[in-house]
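Descriptive analysis of the structure
Read off the chains here:
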Amino acid sequence: MTTPTTTAADNPAPREAGSAVLDASGVTMRFGGLTAVRDVNLTVRPGEIVGLIGPNGAGKTTFFNCLTGLYIPTEGTVSYKGTVLPHRSHLVTQAGIARTFQNIRLFANMTVLENVLVGRHTRTHEGLFSALVRGPGFRRAERHSEDRAMELLRFTGLADKRDHLARNLPYGEQRKLEIARALASEPGLLLLDEPTAGMTAVETTATRELVLAIREQGTAVLVIEHDMRFIFNLCDRVAVLVQGQKLVEGTPDIVQNDDRVIAAYLGTPFEGEPGEAEAAEVRAAEEAEARAAEEGGIRAAEEGGIRAAEETEAATTSQSAQADQPADAPEGKAD
Amino acid sequence: MTTHHTDTSAHTAPATPAHHSPTVRGPLPLGADPHTSRRNGRVLVGAGALLAFVSTMLPWTWTAEFPGDLTIALYPAGLQLLTLVAAVLTAALLLASAGVRGLRWLTPGGKHSALLLMALASLAVTWYTAGAIAVELGGLVNLEPGMWIGAAGTLLAVIGALALPADLAPETGDDAREPAPWARLTHALKAPSPGRPAPLPDWAEILVICASCALGLYVFAYGIEADGGPPFIGFLMLSAFAFPALHRTGLPRRLTALTAKHRGVTLAATFAAALLFPITQSNEAYTNIAVSVLIFATVALGLNMVVGLAGILDLGYVAFLGVGAYTAALVSGAETSSLGIHVPFWAAVLIGAAVALVFGLVIGFPSLRLHGDYLAIVTLGFGEIFRISVQNLDGDSGPNITNGPNGIPNIPDLELFGFNLGEPHTLLGFELGRFANYYLLMLLFTAIVVTIFRRSDNSRIGRAWIAIREDETAARAMGVNAFRLKLMAFALGATLAGMAGTVLAHVEFSVNPESYKFVHTAPPNSAFLLIAVILGGMGTVSGPLIGAALLYLIPAKLQFMADYQLLLFGIALVLLMRFRPEGLIADRRKQLEFHETGQLDVPDATAQTTPGLPGIGKTEA
């Protein structure tokens, strides 16, 4: 199941700094007395896939909303390819940042094709008057938009569902359609908010392939996700957000071995407890393989992220780690 | 009727596996095994339809005092005609469901469900007539034998239809328990959707569309001409059962597929039918109603753009109609006009539309920052502000612009190209009166609004409107400037209403603040406009037109129950929301929304049949 070949090894090295697609500096978001995001800096360079992880309530989605103009950050600026972005979400999209939503927000009662066509809104300019007159320019633009939308539907594998209502699609395809709709605005940076939440292992793999294909087409991607295996297999860089602040940023290797990240997800060990007992326990558990796998699964379901880090390790060290563990529990629903 | 029971439906409708199950029995079986029950049922329906047909040739009552004169033998009139139509249709559906060659095209979808509803239609009309005669003339003694034969015949037909097996196999599959009678009845009324039609040559399809338009024109003209009271109620009852019956047969869905294929032809044919309407009318009173219906329908269509496409709940829409009407009244040379100028009609239309546009922008700019209920309340407020301002601009409490509660009377008739629209003209041998002239003028405006609606709906702007209606946040995240587009929809809607208002002022001779209330017992008012949109079907072109026609005709025809009108509309709306939430005419999107087509279950099969389903495959074929 797990193919260790597509890890960080064959991802292209981060390109030279300075030509950042996205540059968020000092972004702070306060809601009254609550500081949801505190002084976060983040850059995304062209062709990069950057992951943003953090426990529930860490402020990931709030940060996303600040980037896309849905929220006006209390402090700090966001710039796209060197231009500071205005705080209006349609202008942000026009500038070249498209996003998906954590809880799918398709236009439920429009067809699949129409959803993607709405995504083309900023890249077409036919106004009401030209719609009423229906000149040749209008027809050409409509045809071009439709061709482009169909291309995207084929790209995401939804072409044969073009006339279905978005609400009637299965869950996984709704996620794909949201990505197709976002891509329709021809973005330079795609923001994905938990693209694999609630997906099966097969669908998650397909989503990873899709994101990699999007990168191949030259679009940088910033992705929020709870599925650690997904993140660490996919991203060039990962930033960890804890309680509104950026804790660590670096390659997946650095991040998944960082003590502070583990502490943020699991808490620190008891004071005075040397941890020897725990380590011994873990070793003992690993020896009894079948039981260990099962226990690991249960723990993971309870404890969230660290499980995935273990799994990745296990996958790279021992091939025998079988992947019939419970599918990733949709724990990150209420962020 | 027939003893030959091979299932012919399998050839015409491959998508309906219903008839194969021999265990399906009707809600009221006549006979031990399904085959006997079916045979007996068919015999009864046939006999009943024949009796009903014969009865319409006999007198139903002895005096011509009852509206429509039902006293003459071999001359069906008034309500008898309705029973006659119902009986003939019942017989036709019976023959079609029995698989008689040449009539099978009648029932591509449901067979027995349509038959049952049609039998119910004839029962409703006939028994209502009997009741109405007995009540109006005082006693059952006033019924002639013909009436009794008709009543018995229609009852027989219904009993027979109830014995026929349901169109669909029982949902529970091989459940040993018999479902409750009520459940069996509702099940018997369900019909499968029609399969893919055999391809017709283009000319035949166009002919079918034209024939349908002619039929529509005839039904509308009949309804508008029917006397208020029993004949009109009978017409309503027949329609209330016959249209669902027609829907069960699957013919309307076939027709929808055809009209989707030949859009231009459909529009032209509909327009031609509407154009021919005044020629069919000899009485000015009916064309008067027709022009009012047309104005009301046009304004409802404008509101549909605001409510149905952009999702802005505007409860003060009638104010824009008022703006247009008042503007036209002020600049068209009425004696009491405070401006005292008389501009040509085209200028009045432009000025009216422009003033309404300005009002739309002025009202929309602040209020469209609100959402949902708040926006609805604010628009309601602005609507009332318009009416009260107009009432107060009378020289006492403000400058004299609108003449206050007296309004502006005596608006002169229009003169276009040397024709005075106030005088009758003879066109191709047909005499067109004042209202017929205005009807034709208004038809032009309706056509403009229909074109604007259709073209903006199916464009980048229209898609953005619908996206805003669906999810404004997501729409903005997709790059849609929501505020600007909502303002555009609001202002465009206002402009169209203002344009219609300019004609309204001339048709009605006068303008008066009382006509532009939020709610009133007669159209047009904001509440009725909204009801017309919801009743007809949001986001469609034909929906508001039909909804508005019904909403205008019913109060106009049923004067005697004016006191209960609003109550009845309320009940009708509740029932509609329960049983057909998408409105009478379903938007192709809404159709998918409220009645799941099983896309989730069988995606592959649906993908294949998509072009066959009406309205979905809009760009195909």
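Residues numbered from 1 in each chain as written. Chains lettered and ligands numbered in written order. Predicted model: local features only at pLDDT ≥ 70, side-chain atom pairs only at ≥ 80, totals over all residues.

Chain B has the name Branched-chain amino acid ABC transporter permease in an unreviewed UniProt entry, where Streptomyces diacarni is given as its organism. Recorded under Subcellular location (unreviewed entry), the UniProt text for chain B is reproduced unchanged: "Cell membrane". (UniProt positions renumbered as here; feature names shortened; annotations may be inferred.)

In the annotation of an unreviewed UniProt entry, the entry for chain A reads ABC transporter ATP-binding protein, and the organism field reads Streptomyces diacarni.

The helix and strand tally for chain B stands at 23 helices and four strands. Taking the intrachain contacts of chain B between residues at least 6 apart in sequence as the baseline, contacts between residues at least 24 apart amount to 76%. (Helix = DSSP H or I, 4+ residues; strand = E, 2+ residues; numbered from the N terminus. Contact = placed C-beta atoms within 7 Å.)

Tallying secondary structure elements over chain A gives 13 helices and ten strands in all. When each of the 335 residues of chain A is scored for burial, the buried share is 46%. (Buried ≥ 20, exposed ≤ 12 C-beta atoms within 10 Å, placed from the backbone.)

Glancing now at the environment of Leu191(A). Residue and element names in this part refer to chain A. Relative to the elements of secondary structure, Leu 191 occurs in strand E7 (residues 189–193). Considered as a pair, Leu 191 and Val 223 are 32 residues apart in the sequence and their alpha carbons are 5.8 Å apart. Other than its neighbours up to four places away in sequence, Leu 191 contacts Phe 64, Leu 67, Thr 68, Ile 97, Arg 99 and Leu 222.

Here we take up the domain arrangement of chain B. When the domains of chain B are assigned, the result is domain 1 (34–167 + 185–191 + 228–246) and domain 2 (281–555). The gap between the C-alpha centroids of domain 1 of chain B and domain 2 of chain B is 41 Å. (Domains from an automatic or database assignment.)

Before going further, it helps to spend a moment on the interface of chain B and chain A. Counting residues at the interface gives 31 residues for chain B, matched by 35 residues for chain A. Taken together, the elements giving at least two residues each to the side of chain B that touches chain A come down to helix H15 (434–457), helix H16 (460–470), helix H17 (472–477) and helix H22 (588–594) of chain B. No other element matches the seven residues that H16(B) contributes to the side of chain B that touches chain A. Tallied by class, the residues present in the side of chain B that touches chain A amount to 15 nonpolar, eight polar and eight charged. (Nonpolar A, V, L, I, M, F, W, Y, C, P; charged D, E, K, R; others polar.)

Another point: helix H11 (residues 284–309) of chain B. Between the first and last C-alpha of H11(B) there are 36 Å, a value that for 26 residues agrees with the 38 Å anticipated at 1.5 Å per step. Extensive coverage of H11(B) is indicated by the burial of 23 of its 26 residues. (Expected span 1.5 Å × (residues − 1).)

As a further point, take the sheet that holds strand E5 (residues 83–84) of chain A. Residue and element names in this part refer to chain A. Pairing is antiparallel in the open sheet, where four strands are placed in the order E2-E1-E4-E5. Edge positions in the sheet fall to strand E2 (34–44) and E5, since each of these pairs with one other strand and no more. Pairing of strand E1 (residues 22–31) with strand E4 (residues 75–80) involves five bridges; the strand directions are antiparallel. Within the sheet, the bridge partner assigned to Thr 28 lies in E4 and is Glu 75. (Pairing = 2+ DSSP bridges.)

With eleven of eleven residues buried, H16(B) lies mostly within the body of the structure. Listed in full, the buried residues belonging to H16(B) are Arg460(B), Ile461(B), Gly462(B), Arg463(B), Ala464(B), Trp465(B), Ile466(B), Ala467(B), Ile468(B), Arg469(B) and Glu470(B). Tucked into the core, H16(B) has its buried residues touching helix H3 (112–119) and helix H4 (128–133) of chain A together with H11, H15, H17 and helix H18 (482–507) of chain B.

It is worth spelling out the pairing of E7(A) at this point. Residue and element names in this part refer to chain A. In terms of residue burial, E7 counts as a mostly covered element, since five of its five residues are buried. Of the two faces of E7, the one lined by Leu 189, Leu 191 and Asp 193 and the one lined by Leu 190 and Leu 192 are each fully buried. In the sheet, strand E6 (residues 97–99) pairs with E7 via three bridges, with the strands oriented parallel. Across the sheet, Ile 97 pairs through a bridge with Leu 189, a residue of E7. Where E7 meets strand E8 (residues 220–224), five bridges bridge the pair, whose relative direction is parallel. Its bridge partner lying in E8, Leu 191 is registered against Leu 222. Handedness of the crossover is the feature at issue here: the chain leaves E7, passes through helix H7 (residues 201–216), returns alongside E8, and the resulting connection is right-handed. (Right-handed = clockwise from strand over helix to strand, strands pointing away.)

Take the sheet that holds strand E9 (residues 237–242) of chain A next. Residue and element names in this part refer to chain A. If you trace the six strands from one edge of the open sheet to the other, you get E6-E7-E8-E3-E9-E10, paired in mixed fashion. Two strands bound the open sheet, and with one partner strand each, they are E6 and strand E10 (245–250). Neighbour-to-neighbour, the strand axes of this sheet turn through a mean angle of 20°, independent of strand direction. Here H7 sits on the sheet in contact with strand E3 (49–53), E7 and E8, set at roughly 150° to E8. (Axes fitted to C-alpha atoms, helices over the stretch in contact; angles between N-to-C directions.)

Residues and elements named next belong to chain B. One way to put it is that helix H13 (residues 345–367) packs onto H18 with a least axis distance of 7 Å and a crossing angle of 145°. Between H13 and H18 lies a crossing of right-handed hand. Contact with H13, carried on its side by Ala 348, Val 349, Gly 352, Ala 353, Val 355, Ala 356, Leu 357, Phe 359, Gly 360, Leu 361, Gly 364 and Phe 365, involves Leu 487, Phe 490, Ala 491, Ala 494, Thr 495, Ala 497, Gly 498, Met 499, Gly 501 and Thr 502 of H18 and no other residues of that element. In terms of residue class, the contact of H13 with H18 is built from 15 nonpolar, seven polar and no charged. (Left-handed = near helix turned anticlockwise from the far one by under 90°.)

On to the domain arrangement of chain A. Residues and elements named next belong to chain A. Under the domain assignment, chain A is made up of domain 1 (19–96 + 187–268) and domain 2 (101–186). Averaged C-alpha coordinates put domain 1 and domain 2 at centres separated by 25 Å. Contact residues are listed per partner, giving 14 residues for domain 1 and twelve residues for domain 2. If you tally residues by element for the side of domain 1 that touches domain 2, the top one is H7, at three residues. Across the side of domain 1 that touches domain 2, the residue classes break down as seven nonpolar, four polar and three charged.

The next thing to look at is the confidence of the model for chain B. If pLDDT is low for a region, its predicted coordinates should not be looked at in detail. All names here are of chain B. Per-residue pLDDT for chain B has a mean of 82; in total, 89% of the residues score no lower than 70. Note on residues 1–22: pLDDT under 50 across the span, and 35 contacts to partners over four residues away in sequence or across chains. Overall, residues 593–621 carries pLDDT values under 50, and its contacts beyond four positions in sequence, including any with other chains, amount to 35 contacts. For this predicted complex, the interface confidence reaches an ipTM of 0.77, while the overall pTM sits at 0.80. (pLDDT = per-residue confidence, 0-100.)

Moving on: the packing of helix H5 (residues 136–156) of chain A against helix H6 (residues 171–183) of chain A. Residues and elements named next belong to chain A. At a minimum axis separation of 9 Å, H5 and H6 run at an interaxial angle of 145°. Two packed elements cross with a definite hand, and for H5 against H6 that hand is right-handed. Contacts between H5 and H6 involve Leu 152, Leu 153 and Thr 156 on the former and, on the latter, Lys 176, Ile 179, Ala 180 and Leu 183. Taken together, the residues of the contact of H5 with H6 sort by class into five nonpolar, one polar and one charged.

Moving on: the confidence of the model for chain A. Residues and elements named next belong to chain A. Summarising the model, chain A shows a mean pLDDT of 80, and 77% of its residues fall at 70 or more. Confidence drops under a pLDDT of 50 for residues 1–17, and excluding neighbours within four residues, the segment shows 21 contacts in the predicted structure. This model gives residues 304–335 a pLDDT under 50, and the stretch forms 53 contacts once residues within four places in sequence are excluded.

All names here are of chain A. Non-glycine residue Lys 81 carries a positive phi angle of around 50°. Even without glycine at this site, Glu 194 takes up a positive phi of about 50°. Within the element layout of this structure, Glu 194 appears in the loop between E7 and H7. Of the residues examined, Glu 194 has 24 C-beta atoms within 10 Å and is grouped as buried.

Let's shift gears to the environment of Leu34(A). Residues and elements named next belong to chain A. Looking at the secondary structure, you find Leu 34 in strand E2. Owing to 9 C-beta atoms within 10 Å, Leu 34 belongs among the exposed residues under this scheme. Counting along the chain gives 61 residues from Leu 34 to Ala 95, while the straight-line C-alpha distance between them is 30 Å.

A regular strand carries its side chains on alternate faces of the sheet. Residue and element names in this part refer to chain A. Here E4 pairs with E5 via two bridges, running antiparallel. Its bridge partner lying in E5, Ser 79 is registered against Val 84. Turn length for the E4-E5 hairpin, with the two strands adjacent in sequence and antiparallel, is two residues, and the turn residue Lys 81 shows positive phi of about 50°.

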